[in-house]
Protein chains: 2
Amino acid sequence: MDATIFTPRAPGRPRDAETEARILQVALRLLAEQGYSRMSLDAVAAESGTSKPTIYRRWSSKADLATAALNTIQFAEPPVDTGSTVGDLTGTLENFSRSLLRPNGMSLIGTVLAEEAHTPELLTLFRARLVATRRGMLHAILLRAKKRKELRRAVNLDCVVNMLVGAFYARYLATSTVPPDFPRELVATIWPGIAAISKGS
Amino acid sequence: MDATIFTPRAPGRPRDAETEARILQVALRLLAEQGYSRMSLDAVAAESGTSKPTIYRRWSSKADLATAALNTIQFAEPPVDTGSTVGDLTGTLENFSRSLLRPNGMSLIGTVLAEEAHTPELLTLFRARLVATRRGMLHAILLRAKKRKELRRAVNLDCVVNMLVGAFYARYLATSTVPPDFPRELVATIWPGIAAISKGS
DNA sequence: AATGGATACGATACAGTATCGTAATCACGA
DNA sequence: TCGTGATTACGATACTGTATCGTATCCATT
């Protein structure tokens, strides 16, 4: 009885799913490379080997296409599990660092922030799909550690997450680079301040 | 013999210095509100009560005007000196929080990041004028503390600066808000990890 | 006499729509 | 099995209205 099982009749020529994927892929790249307002649908159509009407048949506006493109970003990285809290934090941050340093990773963040006033749905979606996911992973690691009594009771987990994640933004804003051992250094710097028992440095 | 002492001849009608200031002020506001590519010179001219040729007589291009506008941001806040390292850090971060929450403070950061590929001079200037200044103040506070033996010897000061500053970016990216006691909480969270002697929590 | 400012202009780019001929898929009938 | 028509998607192109950057022309000011 489920319409998704007995495929409902499709009267005419079916849409090409590959075309759809190609458009979204190009749109996401241009969004990151050039920012929202510089991303033109003419360019998206040309680079994806299609045409504007084909795009508008699928998405109702530029903003609609942009959010759909953002929505295709998949969070492929599985949760890290190294056995130790420090290792899990470091591993998760290393994944973060890689995705941030992907070409135009920071530009994409800049774009959604810059468009907050004009196209707020971009930031909303970015939050729900990427920011929240990443923060949730870090938060889960810290919460587990807290339940194991590895952390001081008074530690504000959100505050720690903000510092760990934000350090990458600050570093990039200052230098456009992030060294490979940055995640390890971050964890090493913050751990003595949040760990339950302060052993020797 | 110095031309700046004996005012040099002014051949024609002198420029109005107030006009210049008004243009820059409007340009900076629109840059933050709408982003670089949406900031139109027509709007700048209209809102500053002047016209485009008047703008182009002073700055050679849109990018030139935008960088000049960025360059007018003054770092009025004096260095904080409360007598204690924790107090200085907190006070400096509170200043930071205020400037960040000024309307469109984060949008401006987003714009310079998003424009990194297309108009890199914005990010370069933003770094030199604002990022470096703020980081320098925090770094100085930490370095002074280190010389007073208040910090562990192994602490990486840059790393701490990145975490303190970055936490604001991360928080804003996640929620678009920063609570008033955020600076205090940040310092409270990181201090036990970097202080030389760990006293009771 | 030389520069200031304002209006108007040219050139270009963009979002979104319309049209045209073609290709793909289905339903139906021979 | 083969063909025919109906229906929808497709790429290509052109178009409309608007926004934009940067410049030229004109009069006012000093």
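A quick note: this is a predicted structure, and the numbers were derived from the prediction, not measured. What you see as residue numbers is a count from 1 along each chain, following the sequence as written. The naming scheme follows written order: chains are lettered A onward, ligands numbered 1 onward. In view of the model being predicted, local features appear only for residues whose pLDDT reaches at least 70, and side-chain atom pairs are presented and counted only at 80 or more, with totals across whole chains, interfaces and linings using the full set of residues. Hydrogens and water molecules were not included; the side-chain quantities draw on all heavy atoms of the structure.

Undergrad: Residues and numbers for the protein's contact with DNA strand D, please.
TA: The local shell around DNA strand D holds 21 residues, among which A:Thr50, A:Thr54, A:Arg58, B:Lys52 and B:Tyr56 are the closest. By convention in these notes, a residue is near a molecule or strand provided one of its non-hydrogen atoms lies within 4 Å of it. In DNA strand D, atoms within 4 Å of the protein come 59% from sugar and phosphate. Put simply, DSSP H or I for four residues or longer makes a helix, DSSP E for two residues or longer makes a strand, and each gets a number counted from the N terminus. Every element with two or more residues in the surface near DNA strand D is listed here: α3 (52-58) of chain A together with α2 (41-47) and α3 (52-58) of chain B. Considering each element in turn, the surface near DNA strand D owes the most residues, 4 residues, to α3(A). Residues are sorted three ways: Asp, Glu, Lys and Arg are charged, Ala, Val, Leu, Ile, Met, Phe, Trp, Tyr, Cys and Pro are nonpolar, and all the rest, Gly among them, are polar. Here the surface near DNA strand D is built from residues that sort into 5 nonpolar, 7 polar and 9 charged.

Undergrad: Quick rundown of the relation of the copies chain B and chain A? Include the residues and the values.
TA: Here the copies were fitted onto each other by least squares, based on C-alpha atoms from residues at pLDDT of at least 70 in both. Screw-axis analysis of chain B against chain A gives a translation of 0.0 Å along the axis, an RMSD of 0.1 Å, and a rotation angle of 180 degrees. Interpreted geometrically, this transformation is the action of a two-fold axis. Throughout, a contact is declared for two residues whenever any of their heavy atoms are within 4.5 Å. A share of 100% of interface residues in chain B that are also interface residues in chain A marks the association as one of identical surfaces.

Undergrad: Residue-level account of the pattern of salt bridges, with values.
TA: For salt bridges, the criterion is a side-chain nitrogen of Lys or Arg within 4 Å of an Asp or Glu carboxyl oxygen. Within this structure, the stated rule accounts for 19 salt bridges over all chains. The shortest N-O distance in the salt bridge between B:Glu77 and B:Arg134 comes to 3.0 Å. Of this pair, B:Glu77 sits in the loop between α4 (62-71) and α5 (85-101) while B:Arg134 sits in helix α7 (residues 120-147), placing them 57 residues apart in sequence. A relative accessible area of 24% places B:Glu77 in the partly exposed class. Within the structure, one salt-bridge network assembled from shared partners comprises A:Arg29, A:Glu33 and A:Glu47. The buried label goes to any residue with under 20% of its type's maximum accessible area, the exposed label to any with over 50%, and the partly exposed label to all in between, with areas taken from a 1.4 Å probe on protein chains only.

Undergrad: Account for unusual backbone geometry, naming residues and giving values.
TA: All names here are of chain A. In this structure, asparagine 104 is a non-glycine residue whose phi angle is positive, near 65 degrees. Counting through the fold element by element, asparagine 104 comes out in the loop between α5 (85-101) and α6 (105-114). A positive phi angle is found at lysine 149, which is not glycine, with a value near 65 degrees. Assignment of secondary structure puts lysine 149 in the loop between α7 (120-147) and α8 (157-175). By relative accessible area, which is 67% here, lysine 149 ends up exposed.

Undergrad: Describe in detail the protein's contact with DNA strand C, supporting the description with residues and values.
TA: Not every one of the 24 residues close to DNA strand C is listed here, only the nearest: A:Leu41, A:Lys52, A:Pro53, A:Tyr56 and B:Arg15. Any N or O atom pair separated by 3.5 Å or less is treated as a polar contact, with the protein-specific requirement of one donor-capable and one acceptor-capable atom, and with residues adjacent in sequence counted only for side-chain atom pairs. Backbone polar atom of A:Leu41 to a phosphate oxygen of DNA strand C: 2.9 Å apart, as the coordinates give it. Listed by contribution, the elements that provide at least two residues to the surface near DNA strand C are α3 of chain A together with α3 of chain B. Looking at side-chain class alone, the surface near DNA strand C contains 8 nonpolar, 8 polar and 8 charged residues.

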